[in-house]
Amino acid sequence: MFSKILIANRGEIALRVIRACREMGISTVAVHSTADADAMHVRLADESVCIGPPAGVQSYLNVANVISACEVTGAEAIHPGYGFLSENAAFVQALEDHGITFIGPTSEHISTMGDKITAKDTMKKLGVPCVPGSDGGVPTVEEARVIAADMGYPVIIKATAGGGGRGMKLARTADDLDAAFSGARTEAKAAFGNDEVYIEKYLEKPRHIEVQVFGDGKGRAVHLGERDCSLQRRHQKVLEEAPSPVIDAETRARIGKTCADAVAKINYIGAGTIEFLFEDNEFYFIEMNTRLQVEHPVTEAVFDVDLVQEQIRVAAGEEMQFHQEDLTPNGHSIEVRINAEKLPEFRPSPGTITAYHAPGGLGVRMDSAIYQGYRIPPYYDSLIGKLIVHAETRETALARLSRALSELIVDGVDTTTPLFEALLEEPDIQTGNYTIHWLERWLEGQTAGD
Ligand code: ADP
């Protein structure tokens, strides 16, 4: 086992990894930008190293500085968290060259899944059902027109290098195609430096269902059920739950096995998530994330596992402790993302937290790195906490979430808490009757009614 791990991240996920390490008797190294010198992950880690100025590209994304921090402190492994360098194949390759262990999959797995066309192609060959679409990249709008006409509208134009919901444009009819095609390319070029796009059939009323997988790198893999992340704004998840209200045990076992078998065949190592759109009882693969997800705690709650500790164990070469026959979901878990944002525009609301009280009690978990007096810097994403509840049934989990939200106090900045309080009043949320478009439509209705 490792004796020292460096965490190449910040915020709540850095704390999540520090907690896992401390329980395993592993010392931790935090890295931070100059803007994060007072951050909680710096306080709670055993050691810390400043790796650059506030901008992410100069600090948390600065490969040379992260590797130097590892060498200076003698850390043997790096946990990347999510975002930043977590899916950067060149970074993982650099670690492989320096003899530092990356707590995650190989650079090859990352590059295969990081390119969405290659990912889709690989999954199709492994027997995973995919969204109908173009075979590979579509270089010209003329070709796009032929493919779209053949497949039937509506279609969605997506960036090959996509992520975070960027570089994606909908064309409802042939009239929209030119604008959607050039819009997606421009956005993709700006966001990823790569303007290659591909086409998929646009699904009208799907849910977003994702399967948690875990591999030992030696041909054995398991699944830990699904998460339902259909509540989204601008293709970004807002609330996640496990299990999904629309997936029964037989369906879970079937899609779970398909996913576990697929990643076992490629000797996948560590945690991964296979994302699907689910419509009319069919699954359509959209992408695989080769890292820990923001919403991993709902899976931890229902399966009673620690995904981060298991990531560390398999990265250190130990046997994977998960066995499919022991993995049975228990109860229901819901996570809401508390962002420092001002509603209704969801405008970032950085500033100083003047009072903070975290909810507690049975079945409540608050993953956050904020504290009273903490100044939220304006340079990073606006997630300031994740509130996760677990209860016997979906209904009791909703009641627990409502109770926990009523205890949460974050003063000094605006947060998305009122959004969740309002959502919990909605019959569709109470019954679990929502698709990926539900929230956008509901938000439009809210502003229209103002
Ligand atoms: P990203 O990597 O940018 O997150 P994804 O491919 O995972 O992109 O898609 C993100 C979200 O965009 C999905 O959860 C869904 O809401 C929407 N989406 C993507 N592909 C389609 C599609 N073919 N039809 C309808 N919605 C889609």
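Please read all numbers here as calculations on a predicted model, not as lab measurements.

Caption draft 1: Focus on the site of the ligand. Close to the ligand lie 22 residues, the nearest being Lys 116, Lys 158, Gly 165, Gln 232 and Glu 287. Interatomic distance of 2.8 Å between a side-chain N/O atom of Lys 116 and an oxygen atom of the ligand. One nitrogen or oxygen atom from the side chain of Glu 287 is found 2.8 Å from an oxygen atom belonging to the ligand. At the level of elements, β6 (155-163), β7 (166-171), β8 (197-201), β12 (269-279) and β13 (282-289) are the ones that each hand at least two residues to the shell around the ligand.

Caption draft 2: The sheet that holds β6, seen in detail. Spatial strand order, β7-β6-β8: three strands in an open sheet with antiparallel pairing. The open sheet has two free edges, formed respectively by β7 and β8, since each of these has just one partner strand. Adjacent strand axes in the sheet meet at a mean angle of 25° when their direction is disregarded. Two strands pair when backbone bridges link them, and β6 and β8 are joined in this way by five bridges, in the antiparallel orientation. Paired with Ile 157 across the two strands is Ile 199, which belongs to β8. In this fold helix α7 (residues 141-151) packs onto β6 and β8, with an angle of close to 10° to the strand it touches most, β8.

Caption draft 3: Spatial organisation of the layout of surface pockets. Estimates place the volume of the second largest pocket at around 350 Å³. Along its surface, the second largest pocket is lined by 14 residues, and Leu 170, Tyr 202, His 235, His 437 and Glu 440 are the ones closest to its centre. Those elements giving two or more residues to the lining of the second largest pocket turn out to be β7 and α15 (438-449). Among the residues making up the lining of the second largest pocket, the classes are represented as five nonpolar, three polar and six charged.

Caption draft 4: Representation of helix α10 (residues 296-303) within the structure. With eight of its eight residues buried, α10 lies for the most part within the structure. Downstream of α10 by one or two residues, Asp 304 has phi in the positive range, about 55°.

Caption draft 5: Representation of the side chain of Ser 134 within the structure. Positionally, Ser 134 belongs in the loop between α6 (116-125) and α7. You can call Ser 134 buried: its relative accessible area is 11%. In this structure the side chain of Ser 134 is engaged in a polar contact, spanning 2.9 Å, whose partner is the backbone oxygen of Gly 136. Setting aside residues no more than four positions away along its own chain, Ser 134 makes contact with Ile 147, Tyr 198 and Ile 199.

Caption draft 6: Seen up close, the sheet that holds strand β14 (residues 332-339). With antiparallel pairing, the eight strands of this open sheet are ordered in space as β13-β12-β9-β10-β11-β14-β21-β19. In this open sheet, the two edge strands, each paired with only one partner strand, are β13 and β19 (364-368). Sheet twist, expressed as the average angle between the axes of neighbouring strands with direction ignored, equals 25°. Both strand β10 (residues 221-233) and strand β11 (residues 236-242) contribute to a ladder of four bridges, which runs antiparallel. The residue of β11 that forms the bridge with Leu 231 is Leu 239.

Cut-offs and rules
- Residues numbered from 1 in each chain as written.
- Predicted model: local features only at pLDDT ≥ 70, side-chain atom pairs only at ≥ 80, totals over all residues.
- Heavy atoms only, no water.
- Near = heavy atom within 4 Å.
- Polar contact = N/O pair within 3.5 Å; in protein donor to acceptor, adjacent residues only side chain to side chain.
- Helix = DSSP H or I, 4+ residues; strand = E, 2+ residues; numbered from the N terminus.
- Pairing = 2+ DSSP bridges.
- Axes fitted to C-alpha atoms, helices over the stretch in contact; angles between N-to-C directions.
- Contact = heavy atoms within 4.5 Å.
- 1 Å grid on protein atoms, 1.4 Å probe; cavity = no way out; pocket = protein on both sides within 12 Å on 5 of 7 lines; lining within 4 Å.
- Points joined across faces, edges and corners; volume = space filled by probe spheres on them.
- Nonpolar A, V, L, I, M, F, W, Y, C, P; charged D, E, K, R; others polar.
- Buried < 20%, exposed > 50% of the residue type's maximum accessible area, 1.4 Å probe, protein only.

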